[in-house]
Amino acid sequence: MSNILIEANNISKVYDPDILLKRGKNIYALNNVNFELQKGDFISIMGPSGSGKSTLLNCLSTLDQPTSGHIQIFGKHLSKLHQNDLCEFRFQKLGFIFQNHNLIPYLSIYDNIAAPLILGHHHHKEINIRIQELAKMLEIEKILDKFPHECSGGECQRTAIARALVNQPEILFCDEPTGNLDSKNSHKLMTFLSQLNQKETTIVLVTHDPMIASYGKTMMYLYDGGIKTVIHRNQASQKQFLEQINEIIHRDTLLFEFDQTPSQIQSSSPQMEIQDQDIAFVSKQTVYMVMEGIKSDENILKNSTPLFIQGTQISYKNKRNDLIQFDLQNIQEIRMDLSAHFANFGLFSQYVFHILLDCVSPKGIYQLKLKNRDDFIHFIHYFHQLNIPIDDPRHIEEAYQKYPDDYSRQKYYQRTHKDLISYKS
Amino acid sequence: MLVFTIKIMKSQKKNYLLYFIMMALLFAFEFCFIAMFDYLNQLLLDPIIFMAISFIPFMSLFISAILGAFLSQYFIQSKQHEFSMLLMFGRKPKDLFIYLLIQFGTILLTAFIIGIGLGILLIEMINIFLANHFTFVYSIPYTIFIDIFIFIFTLIIVFALSAKQLTYIDCHMMETLHQKTTQEIAPYQILMSRHYYKRKIPFVHIFISIIEILILFYSIDTLIHNTILQNKLIYFLLCFSSIIYISNHFIPLLFDLFHKQITQHSFLFHALTSYMHLTHQLLSITNIHSIVLPSLFMLLMFCDPNNHITLLIVPCFIMLLILLLMCIVMKYIFYLQSLKKIYATQGALGYSIPQLVQISLLKNLFFFLSIVLIPFIYIHYLGQYIIQNQILESQMMYGLEIFYVISYLIFMASMIYKEKQFMKEAISHVKYLNRSE
């Protein structure tokens, strides 16, 4: 059974789609992010202000909808769930800790903690026992009869933690949970979260403090709405992990300031151990072909995963930022398929299409997601030259025809369509 | 500063327009109350009857002045953030005073002039409506003269409130700048500890509550059937004290007493707590509401049947009801703003929109029962007495009761609709949860 709790594929978030369409500027809060959360993970999301940390957390926690892309949570597609189902889902599985604690001002501390249990129609004795347990653990038993405005920031934050845990959620989302706490209370809270994580509670935490991030098992660094670096703690001590985080933040920040290309930065991220072979070969984002002797477009490269082709050697980054390499001579066959996802741009909502390319090898399936028209045509020609069997790409055209309106609206794919016809002839 | 003021007024024209309309109506009603007083003065009635009858427009005028102060206070409170921004940018309190002088001075003066015109029109309308009974005769210069005093009084109150607000902002600049000036008083007093081992039954409060309920029914009954005027006054005061006690303390006490059982029912739990929040927010205005409207009819009990009663009570009741509703609406608009974050939090905790709608319905039902229905029962009982003694025609009395119920039903329906809209907005926009909001 898969341990994947949340899987986000190419999620993008645009807060004002009109600006994007009118000006064509990069105003993505999230841009083609791929993310995977496994049971027992403790991921710290870091990044400078405006990098999309909270947006990513909100999208993953079902509080917000991505503009495009898919999120699968506990095997369910979020886009297919009704808002009421989402509420039910949040109640059953998720817990939230916000920076400003978001306690209900007119409920006492006791009632605030009890609010999720009350929704679940638990017996009052059970509610009381659970609250007393948590209150004792978080040292808030003396303030249960008070109101939020009568408590300090730390007490309110611990109340918010108790509220988040009272339902025993499977995943805990924390947005800057130590933002209102002093260093001593922050340490206590993070130690507590680490202990929770050891008891199999999965935690996703947003912070800008490397010290707080070092409590996690994985650190993900975001910049301009994209995941730039992912590092795992593995067997390293917290101090070593903190040094690693500091080094990456310092380097990444400096490099970005000097407008370095993301690919150069990504290549310097530490190697990781591949945990799941089934998804290990899936490309991080839509790939952009970089071939010797062919000039590549820097702008497209910035928002795509580069697919380096040197002779028959192919290399690219997977979702976990591992470098994947394979030889085209080992490929037994090529399968092609079309993926279409609905991009919510308000009035301009439409389907966006990608071509999926599965390169089947004895090691596994290397799955590449193509967006660029030239890449698609180049690939077909290239595989033909190498005599690799390809399934008939004309079924892609048939797949497009399922979306006649959206297909005809996009000149870009009309060109692809023409190319397909020319291939056929 | 003038350019800045004009820009602010343009950007918030909806709020300013609402305040302007309300103040213009208030001045118009005040004009009518003064005109009524002048009319009674000209009739040369017996001093005791004159005192009893003239108390109706006099009380209405007094209440409308208080409500005017409330309206201005609510409006000024909503501008806390704007004032704190100006202070942060380096403006001196003196500059802010000029800023206020320009804003409120202009609005209130224009509203006053329009209010006088509206007032004259309203008196004409009352004359047309009650044409079969008599004609309203009053002195326009005298009424305007008195009205100017009321206007100056309102202006002084508005500036005093503004000064108080500026002092508060100056002392709590960071909180107001970050819009963190949340409620500082508990919405209700916790009488029984949530720790099971610490729970003690509040016998004293239970005893007082039982006594208050008994007093309420007994005093209403005696008020109607007792013929001694002095006794009536005592029962009248007792009745009010019990109404205020019940609407402010009885439900919190029930919530505490049955807390264990209530936690088993999520809708009831949230409906009761949000009801207590709502009544706490509207505390002053709901208390005034519970007292003022029945008081008008109470005054009728001291009068002999005559034509002047209809002339006074019908427009006074309608105008006061409109004023009270305006104040409740204004305060309610600000209360609604604070709900967005609460709805967003409840959404994040797993409460769906249909569940929140049910909670809102139940909460508004409690509001209707305690704040609207109790004074109505009181008015109805007094009405029965008034009809029996032929002080007022039964059609007129029932007409006023129906007007009361319909006005509040419309208000309650719009409350439910607005809250539903806010729920949808809060749950679908994550910004209401985020730290930046």
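Each chain carries its own residue numbering, running from 1 in the written order of its sequence. For naming, the first written chain is A and the first written ligand is 1, with later ones following in the order written. Given that this is a predicted model, residues contribute local features only at a pLDDT of at least 70 and side-chain atom pairs are listed and counted only at 80 or more, while totals for whole chains, interfaces and linings are drawn from all residues.

Student: Mind laying out the sheet that holds strand S4 (residues 68–73) of chain A, listing which residues take part and the relevant values?
Tutor: Strand pairing in a sheet relies on backbone hydrogen bonds, with the paired strands running either antiparallel or parallel. All names here are of chain A. Strand order in the open sheet formed by four strands is S2-S1-S4-S5, with antiparallel pairing between adjacent strands. Among the strands making up the open sheet, the edge pair consists of strand S2 (28–38) and strand S5 (76–77). In this structure, S4 lies alongside S5, joined through two bridges in antiparallel fashion. What sits directly across from Gln 72, in S5, is His 77. By the convention adopted here, residues make contact when the C-beta atoms placed from their backbones lie within 7 Å. Every axis in this analysis is a line fitted to C-alpha atoms, fitted for helices over the stretch in contact. Angles between the N-to-C directions lie between 0 and 180 degrees. Only runs of H or I of at least four residues qualify as helices and only runs of E of at least two qualify as strands under DSSP, and these elements are numbered from the N terminus. Helix-sheet contacts for helix H2 (residues 53–60) involve strand S1 (4–14), S2 and S4, and the interaxial angle to S2 is about 55 degrees. The criterion for strand pairing is that DSSP finds at least two bridges linking the strands in question.

Student: Could you give an account of the sheet that holds strand S6 (residues 94–97) of chain A, with specific residues and numbers?
Tutor: All names here are of chain A. Strands sit in the order S6-S7-S8-S3-S9-S10 across an open sheet of six strands; the sheet is mixed. Either end of the sheet is taken by a strand with one partner, and the two such strands are S6 and strand S10 (226–232). Across this sheet, the average inter-strand angle for adjacent strands is 15 degrees, counted without regard to direction. As paired strands, strand S3 (residues 42–46) and strand S9 (residues 218–223) are joined by four bridges and run parallel to one another. Note on S9: the bridge partner recorded for Met 46 is Tyr 221. Along the sheet, helix H6 (residues 153–165) makes contact with S6 and strand S7 (171–175), crossing S6 at roughly 175 degrees.

Student: If you had to explain unusual backbone geometry to someone new, which residues and values would you point to?
Tutor: Residue and element names in this part refer to chain A. Positive phi values are uncommon outside glycine, yet His 101 reaches one of about 50 degrees. Considering the arrangement of structural elements, one finds His 101 in the loop between S6 and helix H4 (109–119). Exposure criterion: with C-beta atoms placed from backbone coordinates, a residue whose C-beta has 20 or more other C-beta atoms within 10 Å is buried, one with 12 or fewer is exposed, and one in between is partly exposed. Look at His 101 and you get buried, because 24 C-beta atoms sit within 10 Å. The backbone of Glu 200 sits at a positive phi, close to 80 degrees, despite the residue not being glycine. Within the secondary structure, Glu 200 sits in the loop between helix H7 (183–198) and strand S8 (202–206).

Student: I'd like to hear about the confidence of the model for chain A, residue by residue, with values.
Tutor: Residues and elements named next belong to chain A. With 77% of its residues at a pLDDT of 70 or more, chain A shows a mean pLDDT of 76. pLDDT expresses how confident the predictor is about each individual residue, on a scale running from 0 to 100. In this model, residues 19–25 is a region of pLDDT below 50 whose contacts with residues beyond four sequence positions or in other chains number seven contacts. Low pLDDT, under 50, characterises residues 260–277; the predicted model gives this stretch 29 contacts beyond four residues in sequence or across chains.

Student: Lay out the environment of Leu 130 of chain B in plain terms, naming residues and giving numbers.
Tutor: Residue and element names in this part refer to chain B. Within the fold, Leu 130 resides in the loop between helix H5 (93–129) and helix H6 (140–171). Here Leu 130 falls in the partly exposed class, since 17 other C-beta atoms lie within 10 Å of it. Remark: the alpha-carbon pair of Leu 130 and Phe 376, spanning 246 residues in sequence, is separated by 25 Å.

Student: Quick one: what's the story with the pairing of strand S12 (residues 305–310) of chain A, residue by residue and with numbers?
Tutor: Residues and elements named next belong to chain A. Direction of pairing for S12 relative to strand S13 (residues 313–317): antiparallel, over a ladder of three bridges. Across the sheet, Gln 310 pairs through a bridge with Gln 313, a residue of S13. Between S12 and the antiparallel strand that follows it, S13, lie two residues; Gly 311 among them carries a positive phi value of about 65 degrees.

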